[in-house]
Amino acid sequence: MDVRDILALSPVVPVMVVHDLGSIADAAMALFAGGIRAFEITLRTPQALQAISVLRQALPDEAIIGAGTITQPEHLQAAVQAGAQFGVSPGLTPALAEAIRSQALPFLPGVASASEVMQATNWGFDTFKLFPAAAIGGVPLLQSFSGPFAQARFCPTGGINAGNAAEYLALNNVLAVGGSWMLPADKIAQGDWQGITALAQTALAQTACALKPAH
Ligand code: 3PG
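Figured I'd write up the structure that's included with this text. (Residues numbered from 1 in each chain as written. Predicted model: local features only at pLDDT ≥ 70, side-chain atom pairs only at ≥ 80, totals over all residues. Heavy atoms only, no water.)

Next up on the list: the site of the ligand. Lining the immediate surroundings of the ligand are V15, R44, K129, F131, T157, G158, G159, G179 and S180. The separation between an oxygen atom of the ligand and a polar main-chain atom of G159 is 2.8 Å. Between the ligand and S180, the relevant distance is 2.6 Å, taken from an oxygen atom to a side-chain nitrogen or oxygen of the residue. Bound to the protein, the ligand loses 78% of the 320 Å² it would expose on its own. (Near = heavy atom within 4 Å. Polar contact = N/O pair within 3.5 Å; in protein donor to acceptor, adjacent residues only side chain to side chain. Areas by Shrake-Rupley, 256 points an atom, 1.4 Å probe, with all protein chains shown as cover.)

Right under this line is the structure:
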């Protein structure tokens, strides 16, 4: 399975920052119940690697667990050891690109400019996290990229929410959107798992509204 297959399975990818290992499985199960199939666990907290292992155990096999915020080659190694099934980075360096090439891990590298798309394409990538999507130009930027980078596909992340996800998903060069809006801190604190399931369902319903020609 490559990274495009993963995004096809889950056109909405929750970005999860794990503060509490005790509730991570419930939160992920709530998203799974709402139809989410790919999960990005950001390596931003000390619990993140353990959370990946916990979710690999707790979620059904249809769930694909990835590691996000991979900025160094050693993060990649650690993520694979923890059981990550794909990786995501906010950007790309030569050292990280080299490390990704040496692992058979589907990977979604971050880009934020035309030059970065060109460099990452030269390194063999064709599917990117556009980050931080809203801050660097959002929908008009992606429309502009579709001319010179006709083969590139994107998962915009950063500033995506229930109000604008459909606009992104309607673009032909967008396979999926990512973000943290489906996991509000208050709902996690209250254990409002049904509320989180509802947010996931609403997000995925927008992908159905954003029907576009096959690509
Ligand atoms: C990320 O790492 O992808 C972002 O922090 C997610 O951005 P968001 O919180 O605006 O969705």
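Our next topic: the side chain of T69. Within the element layout of this structure, T69 appears in the loop between β3 (64-68) and α4 (73-82). For T69, a relative accessible area of 18% puts it in the buried group. Of the polar contacts made by the side chain of T69, one reaches the side chain of R44; its length is 2.9 Å. In contact with T69, other than residues within four places in its own chain, are E40, T42, L43, R44, H75, V88 and P90. (Helix = DSSP H or I, 4+ residues; strand = E, 2+ residues; numbered from the N terminus. Buried < 20%, exposed > 50% of the residue type's maximum accessible area, 1.4 Å probe, protein only. Contact = heavy atoms within 4.5 Å.)

Among the structural elements, F39 can be located in strand β2 (residues 38-42). Judged by relative accessible area, F39 falls into the buried class, the value being 0%. Measuring from C-alpha to C-alpha, the distance between F39 and A198 comes to 17 Å, with 159 residues separating the pair along the chain. If we ignore the near neighbours within four places in the chain, the residues touching F39 are V13, P14, M16, A28, L31, F32, L59, A63, I64, I65, G66 and F86.

Let's shift gears to the side chain of N164. Checked against the element boundaries, N164 lands in the loop between β8 (153-156) and α8 (165-169). On the basis of relative accessible area, N164 is assigned to the buried category, the value being 16%. In this structure the side chain of N164 is engaged in a polar contact, spanning 3.0 Å, whose partner is the backbone oxygen of G159. Here the side chain of N164 touches N161 through a polar contact of 2.7 Å, landing on its backbone nitrogen.

Between its first and last C-alpha atoms helix α2 (residues 21-33) spans 19 Å; for 13 residues at 1.5 Å apiece the expected length is 18 Å, and the two agree. By the burial criterion, the buried members of α2 are S23, I24, A25, A27, A28, A30, L31 and F32. The residue sitting at the N-terminus of α2 and contributing the capping side-chain oxygen is D20; that oxygen lies 2.9 Å from the backbone nitrogen of G22. (Expected span 1.5 Å × (residues − 1).)

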